[in-house]
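Below are the chains, spelled out letter by letter.
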Amino acid sequence: MMTKSSLIALFVLVFMGFFPLFVDSAWLAIGTTFLVFSVVALSQDIILGRAGVFHMGHAMFFGMGAYTTAILNVNFGLPILATLLPAIIVPMVFAFILVAPIIHLRGDYLLVATIGFNIIFIQVLQNDVFGLTGGPNGLFGIDVVKLFGFELSSQTHMYYMAFLLLGVTLLIIRNLDRSKFGRAMFYIHKDEIAAQSMGINIRYFKLYAFILGAGIAGAAGSMFSIQYSAVSPEAFNVTQSIMFFTIVLVGGSASLPGVLIGTFIMFVLPEMFREFETARYLVFGIAMILTMILRPRGIWPVKFGTIPDFLKKEVK
Amino acid sequence: MDIFLQQMVNGLTIGSLYALVALGYTMVYGVMRLINFAHGDLVAFSAFIGLSVYAQIFGESVTSLGAIIVVFALSALIVAFVGVLLERLAYRPLRTAPRLSAVVSALGAGLVIQNSVMLIWGPNMKIFPSNFFPATIWEIGGIVITFTQVMILGVSSVLMVGLYFFIHQTKIGTAIRAVAIDQDAAKLMGINVGRIIMIIFIIGSALGAVAGLFIGSYYRGITFDMGWMYGLNAFVAAIMGGIGNIPGAMLGGLLLGLFNAMITGYISTQWAETFTFVLLIAILVFRPTGILGETVAEKV
């Protein structure tokens, strides 16, 4: 049976699918950016919204994916498709190495530690470590994707690749919600101490969320570097991380429509109001405060009952 | 050895500035469990306000103790007022909301302050007048100490000692500590929690204002977006010391200042931030609540 929300979701997906047929290339680029940033925001939401881990350094994992693709392609000449897997695995490995020793920290301490990771990451990129990252200018001339001899290089191709990526991400999140991991995260978020006394290994599941989120962000990063055929450090700095953090909380954490609306507000609206360049962020700041005062749980919050919907379905 | 002692003096100077700003973070956190991300921008705002007050009243040419005191007092007053306004408009309505909502509100408030400064004073760097403090320099055994450094060290020590006694010896200070430990119990004891939070914001903002003016007179160049960097460093200092703990913020600030000065003096400036955060994470791995932090139960 179709519920109201799945009807809306279907409508949005169909709309997004046919979007390239009736817009010009400028809008197509904005649409592609929206799709890529949606994927990053959704992966941030797995960590922040679903597992409830305070994390403000997500642009780092996004950047790791982008730079892995760029470095392997520009410096080592690997075809783009061969860089996709490393672009997913490298952020996952770093998420494990960096976060495992500190995952037990209290929320705010974790927040500042993740900001710290992001700042260190940017300094590594800017100082051109091992001559691989191209320093402050970044790397240029990333190849186009070649599939069975076809070159997927047009804006429309980019758009549909990003669309596919979003589809896969939504599928992963749906499966996550219905799995043991999703349930564990739900209970950890709801009440950490109760979850712990039920025998849920909190550290394990929080780390799991971190690694999964990092991997998805890495894939989005790879897509990002293909779209612009260049990467540079400032696209992945702390300001971007704060943006992803804000998207999840303004939209509504653990809520798919919420996160997508958040991405739309934070990335697409600014593109539409370029003419108000200087006062833009002032208005943004006021809007952030007002949204939180009027809707502290976000614009489209997820409805948490005592028993989540996805559990009720399985019980029946 | 000369470099070491010189960097020691520089480090203590920067460290006391971090400590002054860190006190603002730590007091708000101690009472409200809120990371006040807008605090750094208040510090930047203070530097601009101070510059304008100085230019408007004294025409950038007067150097006298009286003029300096007037500039500091007026800036502290204005910034404290903005701090209270910030609490009223952006934080008070969110006191019962989820904790992260208040963090987003704080980030939004930071954007508002930062961009207001940009719209009022313009996006370009402003320069503090060279005669804001007398350009006197002392040379003691090869180490150069400027008048500004002596002022920074002197004033911030007095303020920090004063704050310590205020918190521990006065009635209001006792009330602040009580609210920090348990808001509901404090309320039952007849403490007006709203008023205490207002006092916290007045003190924190005023200390940040003093730091902002010192940052301006020490580094000379000020930009509308500099608050983020000083704020983040000060916040790291507060975390290192154990957030919510006032002596911890002072210790963390001095420690971070000295550490930064040694890194820039002996290793490199390009990696300064990296070393800062590696130190922070190392401290957190071994002492998860900071150097002087106590183990407190997390409020859910």
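Look above for the structure.
Chains are numbered independently. Their residues run from 1 in the order of the written sequence. Both sets of labels track the order of writing: A upward for chains, 1 upward for ligands. Under the rules for a predicted model, residues below a pLDDT of 70 receive no local features and side-chain atom pairs below 80 are neither given nor counted, while totals for whole chains, interfaces and linings still include all residues. For side-chain calculations, the full set of non-hydrogen atoms in the structure is used, while hydrogens and water are omitted.

A.B. asks: An account of the overall build of chain A is requested, with residue identities and associated values reported.
C.D. replies: Under the DSSP-based scheme used, a helix requires at least four consecutive residues in state H or I and a strand at least two consecutive residues in state E, with every element numbered from the N terminus. Within chain A, the secondary structure is distributed over 13 helices and four strands. Taken against the 2.2 N^0.38 rule, which gives 20 Å for 316 residues, the C-alpha radius of gyration of chain A at 19 Å falls within 12% of a compact globule. Projected onto its principal axes, the C-alpha positions of chain A cover 50 × 45 × 45 Å. A total of 316 residues make up chain A; the buried ones form 52% of that total. Put simply, 78% of the contacts in chain A that link residues at least 6 apart link residues at least 24 apart. Surface exposure here means Shrake-Rupley accessible area, sampled with a 1.4 Å probe, where a residue is shielded only by the protein chains that are shown. Working note: accessible area of chain A is about 14,400 Å², and carbon and sulfur atoms make up 70% of it. His is not counted, nor are the chain ends; Lys and Arg add positive charge and Asp and Glu add negative charge. Lysine's charge is taken at NZ, arginine's at CZ, aspartate's at CG and glutamate's at CD. Counting 19 positive and 15 negative side-chain charges, chain A places the centres of these two groups 14 Å from one another. Radius of gyration means the value over C-alpha atoms here, while the globule rule gives 2.2 Å times the residue count to the 0.38 power. The classification of residues rests on relative accessible area computed with a 1.4 Å probe and restricted to protein chains. Under 20% of the type maximum is buried, over 50% is exposed, and intermediate values are partly exposed. The contact definition used throughout considers only heavy atoms, calling two residues in contact when any of these lie within 4.5 Å.

A.B. asks: Can you tell me about the interface of chain A and chain B, naming the residues and giving the values?
C.D. replies: At the interface, 41 residues of chain A touch 47 residues of chain B. Of the roughly 3,700 Å² buried between chain A and chain B on both sides combined, carbon and sulfur atoms contribute 77%. By the criterion of area lost to chain B, the three top residues of chain A are R106, Y109 and V112 of chain A, representing 18% of everything that side buries. For salt bridges, the criterion is a side-chain nitrogen of Lys or Arg within 4 Å of an Asp or Glu carboxyl oxygen. Our enumeration of links across chain A and chain B arrives at one salt bridge. In this structure, the salt-bridge partner of R99 of chain B is D108 of chain A, at a minimum N-O distance of 2.5 Å. Any pair of N or O atoms that falls within 3.5 Å is considered a polar contact. Within protein, one atom must be able to donate a hydrogen and the other to accept it, and sequence-neighbouring residues count only if both atoms are side-chain atoms. Our enumeration of links across chain A and chain B arrives at eight residue pairs in polar contact (both at pLDDT 80 or more). Elements that contribute at least two residues to the side of chain A that touches chain B include exactly helix 5 (107–126), helix 10 (238–251) and helix 12 (280–294) of chain A. Reported buried area values correspond to the accessible surface (1.4 Å probe) lost by two parts on association, with both partners' losses combined.

A.B. asks: Provide a residue-level description of the nonpolar core, including the pertinent values.
C.D. replies: Core analysis: the biggest nonpolar cluster contains 195 residues, and M56, F62, F236 and F245 of chain A together with F37, L86 and Y91 of chain B have the highest contact counts within it. Once residues lying within four places of it in the same chain are set aside, the contact partners of F245 of chain A are Q44, L48, H55, M56 and L111 of chain A together with L100, V103, V104 and L107 of chain B. Definition used in this section: a nonpolar core is a set of buried Ala, Val, Leu, Ile, Met, Phe, Trp, Tyr and Cys residues joined via side-chain atoms within 4.5 Å.

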